[in-house]
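Here is how the chains run, residue by residue.
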Amino acid sequence: MTVDFALNDEQRLFRQTLRDFADKEIMPVASEWERTGRYPAEIVERLRELGLFGLNVPEEYGGLAADRVSYALAFEEIARAWLGAAGLFGPHSVACWLVARNGTAEQKERYLPRMATGEMRSGICLTEPGAGTDLQGIATTAVRDGDHYVVTGAKTWITNARVAGVLPVLVKTGGERSPRALSVLLVETASPGFKVTRDLPKLGYKGPESSELVLDQVRVPVENLLGGEEGRGMQQILGGLEIGRINIAARAVGVAQAAYDAALGYSREREAFGRPISDFQAIQLKLADMATEIQAARLLTYWAASRSQATGGRVDMEAGMAKMYASEVAIKCALESMRIHGGYGYSAEFVVERLYRDAPLMAIGEGTNDVQRLVIARSLVSGKGRLGW
């Protein structure tokens with residue numbers, strides 16, 4: 001028996017197109033635009049031209065309908081150049097998946113064509129000031145009032161909130177009888193009562209904004225209830241987060257690869273005691289460990305993506321493994337690259353300083369790594385997940 005680890009021709013062409021774009025149009029401007037706080041509008045336009053806002057949109061609605069491995073490749077290549085650029089279409093892609101997978105025919109027809117082109121951008125609206133990992137603890141409510149829901153609450157850490165046209169918002173719809181019943185409402189951001197209150201200051205992940213927002217008695221039409229049935233929000237969101245974890249894992253691989261590339265290049269150029277530091281065994285050991293762990297993370301990510309494509313269903317264990325491992329590798333490689341650079345690694349003039357600030361996000365986003373360990377363990381204990389072929 002043979003196992004094929006190769007990309008097909010279409011995937012290789014897709015990767016090369018994205019790599020060329022990232023190398024020529026993102027990498028040269030990323031550090032300067034991040035430093036000055038410049039919004040990457042030109043990159044957004046190029047993402048639209050490349051169709052990347054439609055990665056998870058079916059072809060019938062104008063999307064790319066990318067396979068899961070190509071989906072991962074997109075985030076790896078863009079994040080390798082700038083994690084912030086990957087954030088411009090990361091949460092948007094999860095929102096597209098939520099609508100494509102769970103939406104009614106009318107919801108798909110109304111939103112997906114515009115989301116596919118990037119004309120209408122989106123994200124995912126889950127976290128609250130008092131509820132992150134424990135989504136059952138959210139306080140945002142949606143009370144039925146005739147043919148509308150009246151939504152009241154606050155959300156935080158919402159990426160792309162200022163530029164989104166519609167956001168899938170997790171709300172409580174059960175009232176006093178079923179206080180744990182959650183649903184997803186497609187809230188159009190132009191609705192009266194919807195307000196972005198501030199952008200959160202961040203260690204890294206600059207470029208896209210991450211914001212706090214309030215929903216002050218926002219009236220949302222009943223037909224904007226995702227899937228048309230109350231109480232299915234948690235199931236819908238957990239499926240979306242799983243797809244999100246694959247893109248987070250791929251972003252982590254991209255950041256780790258960038259850290260390794262920087263370290264390898266610097267070690268060949270930097271001389272000490274009359275020769276390149278890449279000749280020293282201490283540096284070689286670091287490079288060997290980085291390369292091995294990056295490739296392991298990459299294969300784990302592609303495996304999770306392939307399993308998601310093949311099964312068409314939930315792959316909690318695989319996505320959890322990929323996200324957990326790849327994010328830890330990104331953190332480790334960013335630090336090791338900084339050590340190889342020495343004092344220059346601490347300077348904002350070198351890319352590794354940005355990578356070091358960006359890397360920790362992947363260990364937190366889409367569920368912390370400790371949560372991923374629990375997801376993996378529960379899958380193994382229940383027998384739903386297993387190791388090997």
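Data block above holds the structure.
Because the structure is predicted, anything quoted here is derived from the model rather than measured. (Residues numbered from 1 in each chain as written. Predicted model: local features only at pLDDT ≥ 70, side-chain atom pairs only at ≥ 80, totals over all residues. Heavy atoms only, no water.)

Chemist: Describe unusual backbone geometry, with residues and values.
Modeler: The residue tryptophan 157 is not glycine, and still its phi comes out positive at about 60°. Mapped onto the fold, tryptophan 157 is located in strand E2 (residues 148-159). A positive phi is found at glutamate 366, a non-glycine position, where the angle reads about 60°. For glutamate 366, a relative accessible area of 19% gives the class buried. (Helix = DSSP H or I, 4+ residues; strand = E, 2+ residues; numbered from the N terminus. Buried < 20%, exposed > 50% of the residue type's maximum accessible area, 1.4 Å probe, protein only.)

Chemist: Run through the packing of helix H1 (residues 9-36) against helix H2 (residues 41-49), naming residues and quoting values.
Modeler: Running from amino to carboxyl end, H1 crosses H2 at an angle of 155°, the nearest separation of the two axes being 11 Å. As far as their axial angle goes, H2 and H1 are roughly antiparallel. Seen from above, H1 lies across H2 with left-handed handedness. Contacts from Phe21, Glu25, Ile26 and Trp33 in H1 reach Glu42, Ile43, Arg46 and Leu47 in H2. Taken together, the residues of the contact of H1 with H2 break down into five nonpolar, no polar and three charged. (Axes fitted to C-alpha atoms, helices over the stretch in contact; angles between N-to-C directions. Parallel < 35°, antiparallel > 145°, perpendicular 65-115°, else oblique. Left-handed = near helix turned anticlockwise from the far one by under 90°. Contact = heavy atoms within 4.5 Å. Nonpolar A, V, L, I, M, F, W, Y, C, P; charged D, E, K, R; others polar.)

Chemist: Please set out the packing of aromatic side chains residue by residue, giving values where relevant.
Modeler: Scanning all chains against the criterion turns up six aromatic pairs. Ring plane angle 15° and centroid distance 4.6 Å describe the contact between phenylalanine 75 and phenylalanine 89, whose orientation is recorded as stacked. Of the two residues, phenylalanine 75 is situated in helix H3 (residues 68-81) and phenylalanine 89 in the loop between helix H4 (83-87) and helix H5 (90-102); the sequence distance between them amounts to 14 residues. Side by side, phenylalanine 75 and phenylalanine 89 carry an identical accessibility label, which is buried. Note on tyrosine 344 and phenylalanine 350: the rings are 5.2 Å apart at their centroids and 35° apart in plane angle, and the pair reads as tilted. Accessibility expressed as a relative area gives 26% for phenylalanine 350, which makes it partly exposed. Every member of this aromatic cluster is reached through a ring pair, and the members are Tyr71, Phe75 and Phe89. Over the face of the ring belonging to tryptophan 33 we find arginine 38, whose NZ or CZ atom lies 4.0 Å from the ring centre. The aromatic ring of tyrosine 149 is capped on one face by arginine 144, whose charged end is 5.8 Å from the ring centroid. (Phe/Tyr/Trp six-rings, centres within 6.5 Å; stacked < 30°, edge-to-face > 60°. Lys NZ or Arg CZ within 6 Å of the ring centre and 35° of its normal.)

Chemist: Break down the nonpolar core for me, citing the residues and quoting the values.
Modeler: Note on soluble globular proteins: their nonpolar side chains tend to be buried together. Counting residues in hydrophobic clusters, the biggest one holds 94 residues, and the most contacted among them are Ile43, Leu55 and Phe89. Element by element, the count of residues in this core is highest for helix H7 (residues 233-269), at 18 residues. Sequence-distant contacts of phenylalanine 89, defined by excluding residues within four places in its chain, comprise Leu47, Leu52, Phe53, Leu55, Ala74, Phe75 and Ile78. In terms of nonpolar packing, the next biggest core, distinct from the first, is built from 19 residues, Cys125, Leu167, Leu185 and Val187 among them. (Core = buried A, V, L, I, M, F, W, Y, C linked by side-chain atoms within 4.5 Å.)

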